[in-house]
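What follows is the residue order along each chain.
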Amino acid sequence: MIYLDNAATTRVTEEVFEQIKPYFCEQYANPSAIYSFAGKAMSAVDEARKNAAELIGAETNEIYFTAGGSESDNWAIKAAAEINKDKGKHIITSTIEHHAVLHTCQYLEKQGYEVTYVNVDENGVVRLDELEKAIRPDTILITIMTANNEIGTIQPIVEIGALAKKHGILFHTDAVQAYGHIPIDVNEMNIDMLSASGHKLNAPKGVGIMYIRKGVRIGSFIHGGAQERSRRAGTLNTAGIVGFGAAAKIAKEKLEENAKKETELRDYLIKRVIDEIPYTRLNGDAVKRLPNNAHFCFRFIEGESLLILLDQNGICASSGSACTSGSLDPSHVLLAIGLPHEIAHGSLRLTLSVENTKDEIDFTVEKLKEIVARLRSMSPLYEDFVKKQA
Amino acid sequence: MYSEKVMDHFNNPRNVGEIENPSGVGTVGNAKCGDIMRMYLDIDDNGIIREAKFKTFGCGAAVATSSMATELVKGKTIQEALQVTNKAVMEALDGLPPVKVHCSLLAEEAIHAALWDYAEKNNIKIEGLQKPVNDIEERLEEEEQ
């Protein structure tokens, strides 16, 4: 099997798993308990929090553990909206956010909030001029993702953070795809709140963080016990949190090295696909993109067929194709960068890890060439195109 | 998510291709929903469908339903071919996931579109055949807009 869907989730590495293991059968104490048996669990959680914070230049007590990226996004946006409702009810986001942000914004619209969805350019970069123009006296929150989960485009977070600061508006960023993969500094970038998820960086599923800058007053999202300084109730997921911390520590140490390796492999993959498969386009910014993301559209074919055939060759990939999500519309991100429906339907996302090899990429490109040719040979759109050319 | 039969027809689609100078050809679907099917029919003087071929742009279910539809109409009379409904196509494939039912409707529509073309070319009226609404023209207009 060749696993090229690391934006969907990653493998828990042995190094991380070894550190998690004791917290199931041996160190099972509730970390919040008073007896000394709980001490080791609590200090492991503290250590994890420190590692999670250091990766983004935050203070340890600015990190709150959650159940994942979607929870963090929901918490940040809903709680910021609620606490500021007397100041205003206007939120700014972009057209290419993850659904955890988009659907939360749509939920708030039903509650009487107004949301401006800022457009992106053809590479998927948020239009800063449009963003600045969207700011109003009653704007209470700007939420823009650090990097896009489909096409990998990295957003101008420094500029957006500066803009938010200048206007005194809270700035939240969904960094689920970026955290641990590209450098993030919450102070340099003026980030007030940040969401991240463990399973995108070799930690287990079901654990995430929310960074909340000291002094940002937002309420609880999960009510109950006094965990996480009373801001996020629920018994601490010790094993998950330890895994998150371990993965964050490794990510910090190896960020540059891993990014360099992945970028080289990514660019090799992109070059081969674009050079060797005609009528193919790379989506997203060629340079300002996540080190592990390659995203293509192959004209005249449809993404789901492509994925099934790749799977039959042992290659795990994804598309953003309408069919797989059960909706008929192609990806909102691809439409937002201006692609027509029929091109947007033929999309493929390949997301690498440092564990992928050049041989795997070569095999994938060879199979891709065969599969695309086969699907085109049975496509009426290709038939029309060829006849028109003749 | 797909039955074995669907996978079989997707992996080894029957009757892929074109027919030169077909008795009837019809294209249905549109780019918006991501499925376009084109069906070619060769119909003899006795009104028997001698050959059926297809080309499809679409998901696994779209390919499989096109393939099955061509198999089901081959050797049939025009009236028999009109009985090949989306339900018949789905049943022959041992079912489709709910979100893919529209593919079987498209397959039925493709048969009708090809028969409509045949009727128009021969200036005849086929009892029980309505003009297919979902034709390629919509797609072409969309592109031009």
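Since the model is a prediction, treat every value here as computed from it, not as a measurement. (Residues numbered from 1 in each chain as written. Chains lettered and ligands numbered in written order. Predicted model: local features only at pLDDT ≥ 70, side-chain atom pairs only at ≥ 80, totals over all residues. Heavy atoms only, no water.)

J.: Kindly report on the interface of chain B and chain A, identifying the contributing residues and their values.
T.: When the parts of a complex come together, some accessible area is lost, and that lost area is often used as the size of the interface. Contacts between the two partners involve 29 residues from chain B, matched on the other side by 24 residues from chain A. Summed over both partners, the interface of chain B with chain A buries about 2,200 Å², with 57% contributed by carbon and sulfur atoms. Remark: the boundary between chain B and chain A carries five salt bridges. Across the chain B-chain A interface, the total number found is 15 residue pairs in polar contact (both at pLDDT 80 or more). For the side of chain B that touches chain A, the secondary-structure elements that each account for two or more residues are helix 1 (4-11), strand 2 (35-43), strand 3 (49-57), helix 2 (60-73) and helix 6 (136-144) of chain B. With four residues, strand 3 of chain B is the largest single contributor of residues to the side of chain B that touches chain A. When its residues are assigned to classes, the side of chain B that touches chain A shows 16 nonpolar, six polar and seven charged. (Contact = heavy atoms within 4.5 Å. Buried area = accessible area lost by both parts, 1.4 Å probe. Salt bridge = Lys/Arg side-chain N within 4 Å of Asp/Glu carboxyl O. Polar contact = N/O pair within 3.5 Å; in protein donor to acceptor, adjacent residues only side chain to side chain. Helix = DSSP H or I, 4+ residues; strand = E, 2+ residues; numbered from the N terminus. Nonpolar A, V, L, I, M, F, W, Y, C, P; charged D, E, K, R; others polar.)

J.: Run through the pattern of salt bridges, naming residues and quoting values.
T.: Evaluated as defined, the whole model comprises 33 salt bridges over all chains. Taking the shortest distance from any N to any O, the salt bridge between A:Arg11 and A:Glu14 comes out at 3.0 Å. Salt-bridge contacts for A:Glu257 lead to A:Lys261; the nearest nitrogen and oxygen are separated by 3.9 Å. Of the two residues, A:Glu257 and A:Lys261 both sit in helix 9 (residues 238-276), four residues apart, roughly one turn of that helix. Through salt bridges with shared partners, a single ionic network connects A:Glu383, A:Asp384, A:Lys387, B:Glu18, B:Arg38 and B:Lys55.

J.: Kindly report on the packing of helix 1 of chain B against helix 2 of chain B, identifying the contributing residues and their values.
T.: Residue and element names in this part refer to chain B. Two numbers describe how helix 1 lies on helix 2: the axes approach to 8 Å, and their chain directions differ by 85°. In terms of orientation, helix 1 lies roughly perpendicular with respect to helix 2. Within the contact between the two elements, helix 1 uses Val6, His9 and Phe10 and helix 2 uses Gly60, Val63, Ala64, Ser67, Met68 and Glu71. (Axes fitted to C-alpha atoms, helices over the stretch in contact; angles between N-to-C directions. Parallel < 35°, antiparallel > 145°, perpendicular 65-115°, else oblique.)

J.: Please give an account of a nonpolar patch on the surface that cites residues and values.
T.: All names here are of chain A. Nonpolar side chains collect at one region of the surface, where Tyr28, Ile34, Tyr35 and Phe37 lie side by side and expose about 520 Å² of accessible area between them. In this structure, tyrosine 28 sits in the loop between helix 2 (22-25) and helix 3 (39-54). Judged by relative accessible area, which is 55%, tyrosine 28 ranks as exposed. (Patch = residues over 30% accessible without salt bridge, like charges linked within 9 Å, V, L, I, M, F, W, Y side chains within 5 Å. Areas by Shrake-Rupley, 256 points an atom, 1.4 Å probe, with all protein chains shown as cover. Buried < 20%, exposed > 50% of the residue type's maximum accessible area, 1.4 Å probe, protein only.)

J.: Please set out the pairing of strand 5 (residues 139-143) of chain A residue by residue, giving values where relevant.
T.: Every other side chain in a regular strand lies on the same face of the sheet, so the side chains alternate between the two faces. All names here are of chain A. A large share of strand 5 lies buried, amounting to five of its five residues. As defined by bridge partners, strand 3 (residues 90-94) adjoins strand 5 across three bridges and the pair is classed as parallel. When the sheet's bridge partners are listed, histidine 90 is paired in strand 5 with threonine 139. Where strand 5 lies against strand 6 (residues 170-174), three bridges are found, and the strand directions are parallel. By the bridge assignment for strand 6, leucine 141 is matched with leucine 170. Following the backbone out of strand 5, through helix 7 (residues 157-166) and into the adjacent parallel strand 6, one traces a crossover that is right-handed. (Pairing = 2+ DSSP bridges. Right-handed = clockwise from strand over helix to strand, strands pointing away.)

J.: Please set out the environment of A:Ile20 residue by residue, giving values where relevant.
T.: Residue and element names in this part refer to chain A. Here isoleucine 20 lies in helix 1 (residues 14-20). Classification of isoleucine 20 as buried rests on a relative accessible area of 3%. With 221 residues separating them in the primary sequence, isoleucine 20 and isoleucine 241 have C-alpha atoms 8.6 Å apart. Beyond its immediate chain neighbours, meaning those up to four positions away, isoleucine 20 contacts Val12, Pro204, Ala239, Val242 and Gly243.

Spatial relationships are all this shows, so hold off on functional conclusions.
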